[in-house]
Amino acid sequence: MEPQRSPLLEVKGNLELKRPLVKAPSRLPLPGSRFKRGLDQMEDVLEPEKKRTRGLGTATKFTSSHPRAPAITTVPQAQGQTTAPKVPKKTGPRCSTAVVTVLKNQKPGPAVPAQKPGTAAAPPKLGGKKPSKRPAWDLKGQLCDLNAELKCCRERTQTLDQENQQLRVQLREAQQQATALGAERRTLEGELTRVRAQAEQGQQELGNLSARVLELEERLGTQEGLVQELQKEQLELQEERRELATRLEEQERRLQASEAALSGSQAEVASLRQEAAAQAALLAERGERLHGLEMERRRLHNQLQELKGNIRVFCRVRPVLPGEPTPPPGFLLFPSGPGGPSDPPTHLSLFRSDERRGTLSGVPAPPTRHDFSFDRVFPPGSGQDEVFEEIAMLVQSALDGYPVCIFAYGQTGSGKTFTMEGGPGGDPQVEGLIPRALRHLFSVAQELSGQGWTYSFVASYVEIYNETVRDLLAPGTRKGQGGECEIRRAGPGSEELTVTNARYIPVSCEKEVEALLHLARQNRAVARTAQNERSSRSHSVFQLQISGEHAGRGLQCGAPLNLVDLAGSERLDPGLALGPGERERLRETQAINSSLSTLGLVIMALSNKESHVPYRNSKLTYLLQNSLGGSAKMLMFVNISPLEENVSESLNSLRFASKVNQCVIGTAQANRK
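Residues numbered from 1 in each chain as written. Predicted model: local features only at pLDDT ≥ 70, side-chain atom pairs only at ≥ 80, totals over all residues. Heavy atoms only, no water.

In the nomenclature of an unreviewed UniProt entry, the protein chain corresponds to Kinesin-like protein from the organism Molossus molossus. According to the UniProt record, the Subunit (unreviewed entry) comment for the protein chain reads "Binds NUBP1 and NUBP2. Interacts with PPP1R42." According to its UniProt record, the protein chain has this under Sequence similarities (unreviewed entry): "Belongs to the TRAFAC class myosin-kinesin ATPase superfamily. Kinesin family. KIN-14 subfamily." (UniProt positions renumbered as here; feature names shortened; annotations may be inferred.)

Below you can see the structure in the form of structure tokens.
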């Protein structure tokens, strides 16, 4: 049977349950920190909110932050039984903890001695004092005690009623707060779902990051050494920074001084601007003067070339090749010029002995001496650079607008092709006049570009074989097929001549010229003769059309540069038996000698100022007529062999060159617009 509870204990038990509602703090998370908590903390926050909605059990959540009511001591019953205050049934775990704490904190009172049967227990005293014992028969005393206790309970009840009213107000506020918390709980549940999804994604990212962490840890070990080096470097940089700071302060002081000086320099700048304007005017004036000096240079250059002669003849003697017989001493002599041995030679003496001639006494006749005079004579030891140095100024005249034509004349094997194109193998020391001339023109054109001139160069390479013009630059299946090429005027009323179906290739560098020369060597007509294993049986004509323009002054100039390698000038032996091969050589020789004779007649006609010049008698003179007239500058190299066996052909070549050297062509005029 359950022991009876004292009314006072029941009231105090209810007080223990209701009092914590007064000052219960909210356990909800702050709005700014709800997203900073983890998944486990979020669930802990939501758990108390679920418990707050359970009715009376919600009140137990607030007991931890309010003072507990004082513990009530046990009151002995009248029947002699000791009763302890009964714990309310429907309390949460925190309420049970509070009751247990109260019971632990109570000091155990002295044991009440067991009453004898038939005696009443004395009423207990309130206020924690030990009640005095009353006999069982003292009912009046017990009644008085109960009345006093009842009075105290009534006063306590009034106080509790007031507290109850306050608690009801607080309860309503708590219910409103619970409603708000419920809405917030639903919001947090949605956020929890989203956070869980993010957590799953985070788990995947965590796995990736774990692998990345392992990799980074490996790199970290490598970087630690680098960090130490960087720390040392940081110390050095800090020291350097202090130095730079010191320098910066100094520079700031200097800057302030400079700013002070700048204000004083404004007037000087204004004066300098006026001076700059004066200098610009002076520069323009000097530009005009420079242009005038350039025109004067061209005039003086042309005058110098005219003083040397618009048609000049150089003689070049090739050296004795390996395997050839050495000529006798005194066969060729090169007398010194008027200035002594340092003066370049201009005379050549050739000694010829005739065994058929003799004296009356039968002694052979002394050798005959033949003296020749030219503008310049190059002995066998002369190099290609020395030869080109003599004609470099003549080549530059083509840039000034004067037509220039350079011939290489002589018998087969006298070194004409070597003089014009150079030797095989690409050795710079043996380069001929053609690659050297174009290199010189490109260089001078580059220098003149600083004065406003722009130049363009177009090259062609043809040969005249048996009075047929053939293109030496024809590629593929057209190699050597020059029968379709004809010499025509560029247009109605134009004096410029072109070769139809021939390639005209723009060139701008030395490599392009080398490629054209290599192709021309493969296509040129050659044959074996008595003087040479591979004799050129045609006249090769390398033409370079030069066009210059000065856009700032509206000036234009243009002129051709012709570099001609003539075929061998040897004569046929009339007593030679003619076979099938010799007949072909005979036709070639006849065509060569005919064109060379026409060249001599044209030069003589120009020298004699004849009204008719036979340009059309030969394809060679017809193609070169614009470079042979009075407005052109012409130079002929007569190449001779140093061998005594070729003395007859050498004399014929020297005599022809002497006649050309005696010719005087009119004053050259530049082709300008």
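The rest of the description comes next.
Draft legend 1. Fine view of the overall build of the protein chain. Regarding its fold elements, the protein chain presents 11 helices and 16 strands. Counting the 673 residues in the protein chain, one finds 37% classified as buried. Sequence separation of 24 or more characterises 70% of the internal contacts of the protein chain that already satisfy a separation of 6 or more. Working note: accessible area of the protein chain is about 40,100 Å², and carbon and sulfur atoms make up 53% of it. (Helix = DSSP H or I, 4+ residues; strand = E, 2+ residues; numbered from the N terminus. Buried < 20%, exposed > 50% of the residue type's maximum accessible area, 1.4 Å probe, protein only. Contact = heavy atoms within 4.5 Å. Areas by Shrake-Rupley, 256 points an atom, 1.4 Å probe, with all protein chains shown as cover.)

Draft legend 2. Here's a closer look at helix H5 (residues 384-396). The end-to-end C-alpha distance of H5, which contains 13 residues, comes to 18 Å, matching closely the 18 Å that a straight helix rising 1.5 Å per residue would cover. At Glu390, H5 shows its strongest bend, of approximately 45°. (Expected span 1.5 Å × (residues − 1). Bend = angle between axes of the 7 residues up to and from the residue.)

Draft legend 3. How the structure looks around the sheet that holds strand E2 (residues 332-333). Reading across from one edge, E2-E3-E4 is the order of the three strands in this open sheet, with antiparallel pairing throughout. Here the strands that pair on one side only, and so sit at the sheet edges, are E2 and strand E4 (368-373). (Pairing = 2+ DSSP bridges.)

Draft legend 4. How the structure looks around the UniProt feature "binding site: ATP" (unreviewed entry) in the protein chain. What UniProt calls "binding site: ATP" (unreviewed entry) maps, in this numbering, to Gly410, Gln411, Thr412, Gly413, Ser414, Gly415, Lys416 and Thr417. As for its position among the elements, Thr412 is in the loop between strand E6 (404-410) and helix H6 (416-421). Judged by its relative accessible area of 5%, Thr412 is buried. On the basis of relative accessible area, Thr417 is assigned to the partly exposed category, the value being 29%.

Draft legend 5. Geometry of helix H7 (residues 433-448). Spanning 16 residues, H7 covers 22 Å between terminal C-alpha atoms, matching the ideal 22 Å at 1.5 Å per step. Of the residues making up H7, those classed as buried are Leu433, Ile434, Pro435, Arg436, Ala437, Leu438, Leu441, Phe442, Val444, Ala445 and Leu448.

Draft legend 6. Main features of unusual backbone geometry. If you check the backbone angles, Asn466 has positive phi at about 55° while not being a glycine. For Asn466, the location among the structural elements is in the loop between strand E7 (453-465) and strand E8 (468-471). On the basis of relative accessibility, which here comes to 28%, the residue Asn466 falls in the partly exposed class. At Glu467, a position not held by glycine, the phi torsion is positive, near 60°.

Draft legend 7. Representation of the packing of aromatic side chains. Within the structure shown, the criterion is met by eight aromatic pairs. Measuring from ring centre to ring centre gives 6.4 Å for Phe378 and Phe637, while their planes differ by 35°; the resulting arrangement is tilted. In this pair, Phe378 is assigned in strand E5 (residues 376-378) and Phe637 in strand E16 (residues 633-640), connecting sequence segments 259 residues apart. Owing to a relative accessible area of 0%, Phe637 belongs among the buried residues under this scheme. Aromatic side chains Tyr461 and Phe542 sit 5.3 Å apart centroid to centroid with 80° between the ring planes, which places their arrangement in the edge-to-face category. You can see Tyr461 sitting in strand E7 and its partner Phe542 sitting in strand E14 (residues 539-550), a full 81 residues away along the chain. What makes Tyr461 buried here is its relative accessible area of 1%. Through successive ring pairs, a cluster of aromatic residues spans Phe314, Phe378 and Phe637. Positioned above the aromatic ring of Tyr402, the side-chain terminus of Lys633 is 4.9 Å from the ring centre. (Phe/Tyr/Trp six-rings, centres within 6.5 Å; stacked < 30°, edge-to-face > 60°. Lys NZ or Arg CZ within 6 Å of the ring centre and 35° of its normal.)

Draft legend 8. Local environment of the nonpolar core. Core analysis: the biggest nonpolar cluster contains 51 residues, and Cys315, Phe374, Phe407 and Leu628 have the highest contact counts within it. With seven residues, helix H9 (residues 580-607) is the single largest residue contributor to this core. In this view, Phe374 contacts Val313, Cys315, Thr346, Val638, Leu654, Ala657, Ser658 and Asn661; residues no more than four positions away in its chain are not counted. Counting 45 residues, the second largest nonpolar core, distinct from the first, contains Phe378, Ile391, Val395 and Cys557. (Core = buried A, V, L, I, M, F, W, Y, C linked by side-chain atoms within 4.5 Å.)

Draft legend 9. Representation of the pattern of salt bridges within the structure. A full pass over the atoms with the stated rule returns 11 salt bridges. Measuring nitrogen to oxygen at the nearest pair gives 3.1 Å for the salt bridge that ties Glu324 to Arg318. With a closest N to O distance of 3.2 Å, Arg521 and Glu421 form a salt bridge. With Arg521 in helix H8 (residues 510-523) and Glu421 in helix H6, this residue pair connects regions lying 100 residues apart in the sequence. The exposure class assigned to Arg521 is partly exposed, which follows from its relative accessible area of 36%. On the accessibility criterion, Glu421 (7% relative accessible area) is buried. Each of the salt bridges in this network shares a partner with another, and the network as a whole consists of Arg376, Glu386 and Glu390. (Salt bridge = Lys/Arg side-chain N within 4 Å of Asp/Glu carboxyl O.)

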